[in-house]
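The chain contents come next:
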Amino acid sequence: QVQLVESGGGLVQAGGSLRLSCTASGRASGRTRGMGWFRQAPGKQRELVAGITSGGITAYADSVKGRFTISRDNAKNTVNLQMNSLKPDDTAVYYCAASSTAWVSRRIGDYDYWGQGTQVTVSS
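Here is a short report on the structure shown in this document. Values in this document were obtained by computation on a predicted structure and should not be read as measured data.

Rules and cut-offs
- Counting of residues starts from 1 at the beginning of each chain's written sequence and follows it residue by residue.
- Local features in this predicted model are restricted to residues of pLDDT 70 or higher, and side-chain atom pairs are both shown and tallied only at a pLDDT of 80 or more, whereas totals for entire chains, interfaces and linings draw on every residue.
- Think of the side-chain values as coming from all heavy atoms in the structure, minus any hydrogens and water.
- Two rings belonging to Phe, Tyr or Trp (six-membered ring only in the last case) form a pair when the distance between their centres is within 6.5 Å. Interplanar angles under 30 degrees mark stacking, angles over 60 mark edge-to-face geometry, and anything in between is tilted.
- Note on exposure labels: buried denotes an accessible area under 20% of the residue type's maximum, exposed denotes more than 50%, and partly exposed covers the range between, all computed with a 1.4 Å probe on protein chains only.
- Put simply, a charge is over a ring when the Lys NZ or the Arg CZ is close to the ring centre, within 6 Å, and near the line of the ring normal, within 35 degrees.
- Secondary structure elements are defined from DSSP: runs of H or I of at least 4 residues count as helices, runs of E of at least 2 residues count as strands, and each element is numbered from the N terminus.
- Note on definitions: salt bridges are taken to be side-chain nitrogens of Lys or Arg within 4 Å of carboxyl oxygens of Asp or Glu.
- The disulfide criterion used throughout: a pair of cysteine sulfur atoms within 2.5 Å.
- If DSSP finds at least two bridges between two strands, the strands pair.
- Lines are fitted to the C-alpha atoms to define the axes, a helix being fitted only along its stretch in contact, and any angle between axes, read from their N-to-C directions, falls within 0 to 180 degrees.

1. What about the packing of aromatic side chains?
Throughout the structure, instances matching the rule amount to four aromatic pairs. Aromatic pair Tyr111 and Trp114: ring centres 6.0 Å apart, planes at 55 degrees, arrangement tilted. Among the residues examined, Tyr111 registers a relative accessible area of 5% and is labelled buried. Here the guanidinium or amino end of Arg46 rests over the ring plane of Tyr95, the centre of that ring lying 3.8 Å away.

2. Considering the environment of Arg106
You can see Arg106 is positioned in the loop between β9 (92–99) and β10 (111–114). Each C-alpha atom of the pair Arg106 and Thr23 lies 21 Å from the other, and the pair is 83 residues apart in sequence.

3. So, unusual backbone geometry
Even without glycine at this site, Asn77 takes up a positive phi of about 55 degrees. Locating Asn77 in the fold gives a position in the loop between β7 (68–73) and β8 (78–83). In the Ramachandran plot, Ser85 falls in the positive-phi region, its phi being about 50 degrees despite a non-glycine side chain. As for its position among the elements, Ser85 is in the loop between β8 and β9.

4. Points about the pattern of salt bridges
In the structure shown here, the tally under the stated rule is six salt bridges. A salt bridge links Asp112 to Arg33; the shortest N-O distance between them is 3.1 Å. Of this pair, Asp112 sits in strand β10 while Arg33 sits in the loop between β3 (18–25) and β4 (35–40), and the two are 79 residues apart along the sequence. Judged by its relative accessible area of 42%, Asp112 falls in the partly exposed class. Ionic pairing is found between Asp110 and Arg107, a salt bridge with its closest N-O pair at 2.9 Å. A single salt-bridge network, built from bridges that share partners, covers Arg39, Glu47, Arg67 and Asp90.

5. Things to note about the state of the cysteines
Here, disulfide denotes a covalent bond that connects the sulfur atoms of two cysteines. Applying the stated criterion across every chain yields a total of one disulfide. Disulfide partner of Cys22: Cys96, at an S-S distance of 2.1 Å. With the S-S dihedral at roughly -75 degrees, the linkage between Cys22 and Cys96 falls on the left-handed side. With Cys22 in strand β3 and Cys96 in strand β9, this pair connects stretches of sequence that are 74 residues apart. Like Cys96, Cys22 is buried.

6. Some details on the sheet that holds β8
Reading across the sheet, the four strands line up as β1-β3-β8-β7 and stay open at both edges, with antiparallel pairing between neighbours. For this open sheet the edge positions go to β1 (3–7) and β7, each flanked by a neighbour on one side alone. Across the sheet, the mean angle from the axis of one strand to that of its neighbour is 15 degrees, orientation sign disregarded. When β1 meets β3, the two strands line up antiparallel, connected through five bridges. Bridged to Gln3 within β3 is Ser25.

As structure tokens, this is what we get:
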């Protein structure tokens, strides 16, 4: 089992920044797993925003490239998402997820564990 707890969401004006953090705990180590940040806006499907493999290789959705940065600190069992130049379209509930492998993918079914989600709202 891996427990994931997100923090750092909130309300910000367009152009602003937020930093999301995800802390993993439990017997099944998150250090060997790929980790992803997903988001889901009202009426839309959940989508991968950014992912990072256990070895530190990163991947981003086209819509956030150059604005968002994902990182991980295996010593602290944390995965962070730095979000800059936020837009109203970034408004969503953001979820941290642990992959069943060392890699990341866009498929929700490839992730075994999910956090409870944190709301990010960007006002125009």
